[in-house]
Amino acid sequence: MKKFLKRVLRRLDRAAEDFVHMTADVIYDRRSGFRVSCYAAFLKALSWIFEGIVRCRYALYKGRILRDSPLGCLVVVVGNLTVGGTGKTPVVEKFARALSERGRKVAILSRGYKSKSESAPKRFVRWITHGEPPPPRVVSDGKRVLLDSETAGDEPYMLARNLPGVVVIVDKNRVKAGHYAITHFGVDTLVLDDGFQYLPLRGQLQLLLVDKTNPFGNMSMLPRGILREPIENLKRASFIFLTKSDGLPDPELERIIHEHNPSVEIIECAHVSKYLVDFSGSEKAKMDILRGKKVACFSGIAAPESFEKLLSDFGAELVFKRRFLDHHRFDESELDSFFDSAVSSGAELAVATEKDAVRISDKYVPRIPFYYTKLEIDILSGADDFNSAVDRICFPKRKADVFPKKAGARE
């Protein structure tokens, strides 16, 4: 009976995962056919409802019916208009490091997507007893990394590991997390990770990321497209980072951006993998070791195509690849299955992303050499804009000079 139930649960899990993959393919227009068109029409109807809710919410904040909460210190918001991978984490890391190196006491506030949260029974008991909500989770106090990736979430853990001296805090209530960071760690600068849609906390600087390879999808709102809010809200950005850029001009994209935000400064940047890191230790290897090698790869990220293309561009022959859902947490049997298939395909080594690697137990022993990519940000154009923005944050001449009010900004 137990074996039967396990088989049923496995099949249900596979069916649910297949459905999610199929929905993602429809959103990104990867499939066609009559049934796909019917499902796409259904999602389009839902997207109109979602757009109405988003517009209503924004109007309530703009009209001061719902109010945001200034915290008395500088708040830098980093986010995007779309779901999916715009390469936000490396930009957050670069900006937080630049601020910290210029003498600011920085805390990164994250909601900790896919992190462990308080269980439903504990929330119910707290509600019945009128107990105090748990404090925000401190991933790093600036000196030590205190939580693992499962508890903290992938991105907060990566940021904490890569940014000594920077406090990293996780809580869905970023206003509460901000108060905690100020009172317990004496920070003077808050970096709000993935916060463009988080209206309860006011930010003086809005850094908006746009993926140059797929800026706005099919221009539809969720769940038919990838937009979280209407494209006209580009007007709220102080700076726009064009990520995953090839450095070539894109007049049409610039026209769309400046149509909605005529005065915004655009900074183009590329996500560059400078080296590979050996999973079993901290040894680094040049990306050139991929050239001419038979490579297996896997990823649980929003845009696996860009990762696979990166490996191919460095000369890897991809003999086996597997894609998981974004933020998928790997169990040992899945990894064993991947490495068995990789060996059967003749792979000489395996590669994953850093975000995937933090979700694997450090006790796991792979069958072949296993590396993860380490991404960094290279500014291709607008470098002076980036540096001047950091300087204006750290050394403002007058409070009013820190960042001028943008058109369409809330009072």
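Bear in mind the structure is a predicted one, so any value in this text is a computation, not a measurement. (Residues numbered from 1 in each chain as written. Predicted model: local features only at pLDDT ≥ 70, side-chain atom pairs only at ≥ 80, totals over all residues. Heavy atoms only, no water.)

A few words on the pattern of salt bridges. For the structure on display, the rule yields 35 salt bridges. Between Asp-194 and Arg-228 there is a salt bridge, with its nearest N and O atoms 2.8 Å apart. Within this pair, whereas Asp-194 is found in the loop between strand E5 (189-193) and strand E6 (205-211), its partner Arg-228 is found in the loop between E6 and strand E7 (239-243), the two being separated by 34 residues in sequence. The shortest N-O distance in the salt bridge between Lys-212 and Glu-268 comes to 3.1 Å. Note that Lys-212 is positioned in the loop between E6 and E7 and Glu-268 in strand E8 (residues 265-278), a separation of 56 residues in sequence. Assessed through its relative accessible area of 7%, Glu-268 is described here as buried. (Salt bridge = Lys/Arg side-chain N within 4 Å of Asp/Glu carboxyl O. Helix = DSSP H or I, 4+ residues; strand = E, 2+ residues; numbered from the N terminus. Buried < 20%, exposed > 50% of the residue type's maximum accessible area, 1.4 Å probe, protein only.)

This part takes up the packing of helix H1 (residues 2-27) against helix H2 (residues 34-62). A pair of packed helices is captured by two measures, namely the crossing angle of their axes and the spacing between those axes. Across the interface, H1 lies against H2 with an axial gap of 10 Å and an inter-helix angle of 80°. Taken together, H1 and H2 sit at an angle that is classed as roughly perpendicular. Each of Phe-19, Met-22, Thr-23 and Val-26 in H1 lies in contact with H2, whose residues at this interface are Val-36, Tyr-39, Ala-40 and Leu-43. The residue inventory of the contact of H1 with H2, partitioned by class, reads seven nonpolar, one polar and no charged. (Axes fitted to C-alpha atoms, helices over the stretch in contact; angles between N-to-C directions. Parallel < 35°, antiparallel > 145°, perpendicular 65-115°, else oblique. Contact = heavy atoms within 4.5 Å. Nonpolar A, V, L, I, M, F, W, Y, C, P; charged D, E, K, R; others polar.)

Here strand E12 (residues 349-353) lies mainly inside the structure; five of its five residues are buried. Of the two faces of E12, the one lined by Leu-349, Val-351 and Thr-353 and the one lined by Ala-350 and Ala-352 are each fully buried. With three bridges joining them, strand E10 (residues 294-299) and E12 adopt parallel strand pairing. Within E12, the position partnered with Cys-297 by the bridge is Val-351. Bridge analysis of E12 against strand E13 (residues 370-381) gives four bridges, and the strand direction is parallel. If you follow Ala-352 over to E13, its bridge partner there is Tyr-372. (Pairing = 2+ DSSP bridges.)

With that out of the way, let us pick up H2. Spanning 29 residues, H2 covers 42 Å between terminal C-alpha atoms, matching the ideal 42 Å at 1.5 Å per step. Those residues of H2 not exposed but buried are Val-36, Tyr-39, Ala-40, Leu-43, Ser-47, Val-54, Tyr-58 and Tyr-61. Each element contacted by the buried residues of H2 is listed here: H1. Positive phi shows up at Arg-64, right after H2, with a value of about 65°. (Expected span 1.5 Å × (residues − 1).)

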